[in-house]
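Fold and geometry: a report
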Amino acid sequence: MSEVGGAQHSTLAERLASVQAGIADAARSHGRAPSEITTIVVTKFHPASLVRELAELGVRDVGENRHQEAQAKAAELADLPLRWHFVGQLQSKKAKQVRAYADVIHSIDRPALLGALASPERVVDCFLQVNLTDNPERGGVAPAALAELVDQALDTPGLRLLGLMAVAPLGEEPQRAFARVRELSESIRGAAPQATALSMGMSQDFAAAIAEGATHLRIGTAITGIRPQPE
Ligand SMILES: *Cc1c(COP(=O)(O)O)cnc(C)c1O
């Protein structure tokens with residue numbers, strides 16, 4: 001079957017089952033139902049054939065971080081019942097093209113991007129990405145600018161705000177970082193009562209994210225195996 005093993009000697013099906021079991025355990029140990037958590041398998045740099053294999057194993061949510069690659073895979077796999085999540089940094093000039101195939105965009109972090117995604121057409125679900133580092137080069141809006149971006153997102157036609165997304169920074173205990181995202185989420189509740197979702201938690205830190213209320217996990221290598229080099 002699969003040779004994509006980074007965790008050698010295990011198959012894609014085994015790694016998927018093992019991560020799913022870990023998610024269910026973490027959820028139950030925090031009094032949460034596993035069914036309230038959506039697992040997005042991040043398939044960046046892997047071929048479309050791996051996404052097809054995942055779909056055969058029952059995966060319905062897949063994530064990509066580069067527009068051209070995502071667009072090509074979504075077109076090639078249009079016969080599959082998949083939801084495409086765009087999780088990477090997004091250029092405003094590519095925004096319209098991304099909204100054509102993406103069901104959910106996780107990485108909105110500035111007003112210009114909201115403007116570029118505004119549309120009278122199909123409503124696309126979205127997250128606002130928060131930058132948990134002090135480095136503005138990292139994707140995400142600074143926490144101090146979040147409230148204003150929330151107001152702008154709520155005023156943008158064609159987008160439905162689901163909640164907040166973040167990546168735990170290096171050098172900070174992930175659970176503390178995720179707790180900050182949860183607090184930020186509570187702070188926007190007045191303006192956006194329905195935007196309660198939290199997209200956080202990756203291969204190494206999903207249990208900590210679940211402890212802090214993650215509703216959408218973005219998991220790559222723990223399921224897919226080590227990524228091939230990008231082209
Ligand atoms: C690649 C990626 C992931 C998955 O990372 P893993 O460590 O492989 O689980 C999650 N979120 C984003 C934004 C990514 O780019």
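Residues numbered from 1 in each chain as written. Predicted model: local features only at pLDDT ≥ 70, side-chain atom pairs only at ≥ 80, totals over all residues. Heavy atoms only, no water.

1. Describing the layout of surface pockets
Test applied: Buried and open spaces are told apart on a 1 Å grid over the protein atoms alone, a cavity being a set of points where a 1.4 Å probe fits but cannot get out and a pocket being an open set with protein on both sides within 12 Å along at least five of seven lines. Residues with an atom within 4 Å of a point are the lining residues. Grid points are joined across faces, edges and corners, and a volume is the space filled by probe spheres set on the points. Ten residues, namely Ala, Val, Leu, Ile, Met, Phe, Trp, Tyr, Cys and Pro, are considered nonpolar, four, namely Asp, Glu, Lys and Arg, are considered charged, and the remaining ones, Gly among them, are considered polar.
Looking at the largest pocket, its volume works out to about 790 Å³. Around the largest pocket, the lining is made up of 29 residues, and of these Arg138, Val167, Ala168, Met202 and Arg218 lie nearest the centre. For the lining of the largest pocket, the residue count by class is 11 nonpolar, 12 polar and six charged.

2. So, the site of the ligand
As a reminder, the rule being used: Residues are classed as near a molecule or strand on a simple rule: at least one heavy atom within 4 Å of it. Nitrogen and oxygen atoms within 3.5 Å of one another constitute a polar contact, given that in protein one can donate a hydrogen and the other can accept it, and given that sequence-neighbouring residues count only through two side-chain atoms. Method for areas: the Shrake-Rupley scheme with a 1.4 Å probe, in which residue coverage is limited to the protein chains shown. Whether a molecule sits in a cavity or pocket is decided by its atoms, more than half of which must lie within 2 Å of the grid points.
Near the ligand you find Val42, Lys44, Asn65, Val87, Met202, Ser203, Arg218, Ile219, Gly220, Thr221 and Arg227, and these make up its full shell. Between the ligand and Gly220 there is a distance of 2.8 Å, counted from an oxygen atom to a backbone nitrogen or oxygen. Take Arg227: an N or O atom from its side chain is 2.9 Å from an oxygen atom of the ligand. Relative to its unbound accessible area of 390 Å², the ligand is 88% covered by the protein chains. Of all the cavities here, the one that holds the ligand is the largest pocket. Looking at side-chain class alone, the shell around the ligand contains four nonpolar, four polar and three charged residues.

3. Considering helix α7 (residues 174-187)
Here is the rule we go by: Think of it this way: any DSSP run of H or I at least four residues long counts as a helix, any run of E at least two long counts as a strand, and we number them from the N terminus. Residue count minus one, scaled by 1.5 Å, sets the expected span of a helix. With a 1.4 Å probe rolled over the protein chains alone, any residue whose accessible area is under 20% of its type maximum counts as buried; one over 50% counts as exposed, and the rest are partly exposed. A contact between two residues is defined here by any heavy atoms of the two lying within 4.5 Å.
Relative to the 20 Å expected for 14 residues at 1.5 Å per residue, α7 spans 20 Å between its end C-alpha atoms, a close match to the ideal helical length. All of the buried residues along α7 are Ala177, Phe178, Ala179, Val181, Leu184 and Ser185. Buried residues in α7 make contact with α6 (146-154), β6 (159-165), β7 (197-199) and α8 (206-211).

4. Regarding the confidence of the model for the protein chain
The condition that has to hold: Across the chain, each position has a pLDDT score giving the predictor's confidence in that residue, from 0 to 100.
This prediction gives the protein chain a mean pLDDT of 95; 96% of its residues lie at or above 70. Under a pLDDT of 50 for its full length, residues 1-7 has, in the predicted model, 14 contacts with residues more than four places off or in other chains.

5. Structural notes on the UniProt feature "modified residue: N6-(pyridoxal phosphate)lysine" (unreviewed entry) in the protein chain
Quick reminder of the rule: UniProt positions are given in the numbering used here, feature names are shortened, and annotations may be inferred rather than shown by experiment.
As recorded in UniProt, the sites labelled "modified residue: N6-(pyridoxal phosphate)lysine" (unreviewed entry) are Lys44. As for its position among the elements, Lys44 is in the loop between β1 (38-42) and α2 (48-56). A residue is classified by how much of its surface remains accessible, and Lys44, at 18% relative accessible area, is buried. Look past the residues within four positions of Lys44 in its chain and what remains in contact with it is Gly63, Glu64, Asn65, Glu69, Lys73 and Arg227.

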